[in-house]
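Chains, contacts and geometry: an overview
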Amino acid sequence: MTERIDLAKTLQMLGQAEDILLICHKNPDGDTLGSAGALQHALQAQGKRVAIFCSDKIAEKYGYMQLALYDGSWEPGYVVAVDVAGIQLFGEAASGYLKRVDLCIDHHPSNAGYAEATMLEEDSAATAEIIYQLIGMMGIEMTKVMADCLYTGISTDTGCFKFTNTTPRTHRIAAELMEQGADFVRLNEVLFESKSQQRLAIERIALSHLEYHFDNRCALMYVTREEIERTGVENSDLEGITSIPRMIEGVVVGITMRQLESGSYKVSVRTSGNIDACKICAALGGGGHIRAAGCEFFGNLENAKAAVLAEVKKQI
Ligand SMILES: [Mn+2]
């Protein structure tokens, strides 16, 4: 059973910690990296030895965060998980460091409480909002690189301030980060306005498979393993295509199916209005949120499609 702690206690524990290893979740996003990055710079400013570990490769576009990646040359004395809701999200490569997770800083309501102590703030749009408060309490200067890291975490977890988790406080913190030097124009360009050629290639293929159902209120597209491999698109780059079908005017259920290495299909459902994506996926052994959910199919494409559409029909 984990001990739930507040910001002051978190600060105190970090203050006593030495040789700190910050661990991010697998398939790292802007929040886990930005939160860990800002915390790294803040703890370094306090003279501590600190490094970051992530079981997956970190995309080059995050180079501006100046992350100090762990090189294995010293033994971690204190392990902190940042933005990681459950132990299965660390990825296999991290397993050696997980004998004891001393502290977890997170905002996921589903946090499993696997760490010795947990600083959980469920109404934060991003873990970066929590780190922002911690740095403020540390009494150190918020540098530009810290502000860039935190702005990245907040803007990516809110879909650039568009998702329902965005609060007035989110905007206030973002405004303060702008004052503290966050280069929001460049960051927004890197994070939201640019795509790799491989990503565009896979989008083109996926769109060539686009089909409509139920009076055009449901749109479905898919990509096969062979197509994914042909474009050379990275997994991290593939996640975002799931928002495409739902963007189409009049569509309330958007479905994206992509074939995994095992041959099975990963199905992502995005909805709007009062249609519950989680209900659709839960009926098929998956889960998620009201507007975004997923499940996996071991059958062939046509069977998987038919099963998903049968569930959509019940909800639409
Ligand atoms: Mn997050």
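Across its full length, the protein holds 11 helices and 12 strands. Computed over its C-alpha atoms, the radius of gyration of the protein comes to 20 Å, within 12% of the 20 Å expected for a compact globule of 316 residues. Summarising its shape, the C-alpha atoms of the protein cover approximately 60 × 40 × 35 Å along the three principal directions. Of all 316 residues assigned to the protein, the portion counted as buried reaches 51%. The long-range fraction of contacts in the protein, counting pairs at least 24 apart against all pairs at least 6 apart in sequence, stands at 64%. For the protein, the computed accessible surface area is about 14800 Å², with 49% contributed by carbon and sulfur atoms. Computed over 29 positive and 42 negative side-chain charges, the separation of the two mean positions in the protein equals 5 Å.

Donor atoms from the polypeptide that bind the manganese ion are D31 (OD), D83 (OD), H107 (NE2) and D157 (OD), placed at 2.1 to 2.3 Å. Each donor residue of the manganese ion lies on the same chain, and together they follow the pattern D-x51-D-x23-H-x49-D. Remark: H107 occurs in the loop between β5 (103-106) and β6 (117-120) and D83 occurs in the loop between β4 (78-82) and β5; sequence separation between them is 24 residues. In this structure, D83 and H107 share a single accessibility class: buried.

Roughly 190 Å³ of volume is contained in the second largest pocket. Lining of the second largest pocket is provided by Y70, E75, P76, G77, Y78, V79, G96, Y97, K99, R100 and D102. Of the residues belonging to the lining of the second largest pocket, the class tally is 5 nonpolar, 2 polar and 4 charged.

Taken residue by residue, helix α6 (residues 184-192) has L187, N188 and L191 as its buried positions. Mapping the buried residues of α6 onto a view down its axis gives an arc of 100°, with all of them on the same face. Turning to α6, the residues buried within the fold contact α4 (144-157).

This part covers the side chain of Q40. Among the secondary structure elements, Q40 is positioned in helix α2 (residues 30-45). On the accessibility criterion, Q40 (1% relative accessible area) is buried. Within the local environment of Q40, its side chain forms a polar contact with the backbone oxygen of Q66, the two atoms lying 3.3 Å apart. Sequence-distant contacts of Q40, defined by excluding residues within four places in its chain, comprise L22, V50, I52, Q66, L67 and A68.

All chains considered together, the criterion is met by 5 aromatic pairs. Between F90 and Y114 the ring centres are 5.5 Å apart and the planes differ by 85°, which places this aromatic pair in the edge-to-face class. In this pair, F90 is assigned in the loop between β4 and β5 and Y114 in the loop between β5 and β6, connecting sequence segments 24 residues apart. Given a relative accessible area of 18%, Y114 falls into the buried group. Aromatic ring contacts, followed pair by pair, group F53, Y70, W74 and Y97 into a single cluster.

Further remarks concern the domain arrangement of the protein. According to the domain assignment, the protein consists of domain 1 (3-192) and domain 2 (197-315). Taking the mean C-alpha position of each, domain 1 and domain 2 sit 30 Å from one another.

Another point: the packing of α2 against α4. The axes of two packed helices give the description: the angle between them and the distance between them. For the pair α2 and α4, interaxial distance at closest approach is 7 Å and the crossing angle is 160°. As the angle between them shows, α2 and α4 are arranged roughly antiparallel. α2 and α4 meet at a crossing whose hand is left-handed. Seen from α2, the contacting residues are G30, D31, G34, G37, A38, H41 and A42; seen from α4, they are V145, M146, C149, L150, T152, G153, T156 and D157. Among the residues forming the contact of α2 with α4, the class breakdown is 6 nonpolar, 7 polar and 2 charged.

Moving on: the sheet that holds β5. Within the open sheet, the 6 strands sit side by side as β1-β6-β5-β4-β2-β3. Their pairing is parallel. Whereas interior strands pair on both sides, the edge strands pair on one side only; in this sheet they are β1 (3-4) and β3 (50-53). Note: strand β2 (residues 20-23) against β3, 4 bridges, orientation parallel. Looking across to β3, one finds that L21 is bridged to A51.

Right, let's talk about the pairing of strand β8 (residues 218-223) for a bit. Moving residue by residue along a regular strand, the side chains alternate between the two faces of the sheet. Of all 6 residues that make up β8, 6 are buried, and the element is covered over most of its length. The alternating pattern of β8 places C218, L220 and Y222 on one face and A219, M221 and V223 on the opposite face, and all of these are buried. Pairing geometry for strand β7 (residues 211-213) and β8, over 3 bridges, is antiparallel. Bridging across to β8, Y212 finds its partner in A219. Between the end of β7 and the start of β8, which pair antiparallel, lie 4 residues, with F214 showing a positive phi angle near 50°. Bridge count between β8 and strand β9 (residues 253-259): 6 bridges; the pairing is parallel. The residue bridging L220 from the neighbouring strand is I255, located in β9.

Thresholds applied
- Residues numbered from 1 in each chain as written.
- Predicted model: local features only at pLDDT ≥ 70, side-chain atom pairs only at ≥ 80, totals over all residues.
- Heavy atoms only, no water.
- Helix = DSSP H or I, 4+ residues; strand = E, 2+ residues; numbered from the N terminus.
- Rg over C-alpha atoms; globule rule 2.2 N^0.38 Å.
- Buried < 20%, exposed > 50% of the residue type's maximum accessible area, 1.4 Å probe, protein only.
- Contact = heavy atoms within 4.5 Å.
- Areas by Shrake-Rupley, 256 points an atom, 1.4 Å probe, with all protein chains shown as cover.
- Lys, Arg positive; Asp, Glu negative; His and termini not counted.
- Charge placed at Lys NZ, Arg CZ, Asp CG, Glu CD.
- Donors = N, O, S within 2.8 Å, 3.2 Å for Na, K, Ca; no water.
- 1 Å grid on protein atoms, 1.4 Å probe; cavity = no way out; pocket = protein on both sides within 12 Å on 5 of 7 lines; lining within 4 Å.
- Points joined across faces, edges and corners; volume = space filled by probe spheres on them.
- Nonpolar A, V, L, I, M, F, W, Y, C, P; charged D, E, K, R; others polar.
- Arc of directions from axis to C-beta.
- Polar contact = N/O pair within 3.5 Å; in protein donor to acceptor, adjacent residues only side chain to side chain.
- Phe/Tyr/Trp six-rings, centres within 6.5 Å; stacked < 30°, edge-to-face > 60°.
- Domains from an automatic or database assignment.
- Axes fitted to C-alpha atoms, helices over the stretch in contact; angles between N-to-C directions.
- Parallel < 35°, antiparallel > 145°, perpendicular 65-115°, else oblique.
- Left-handed = near helix turned anticlockwise from the far one by under 90°.
- Pairing = 2+ DSSP bridges.

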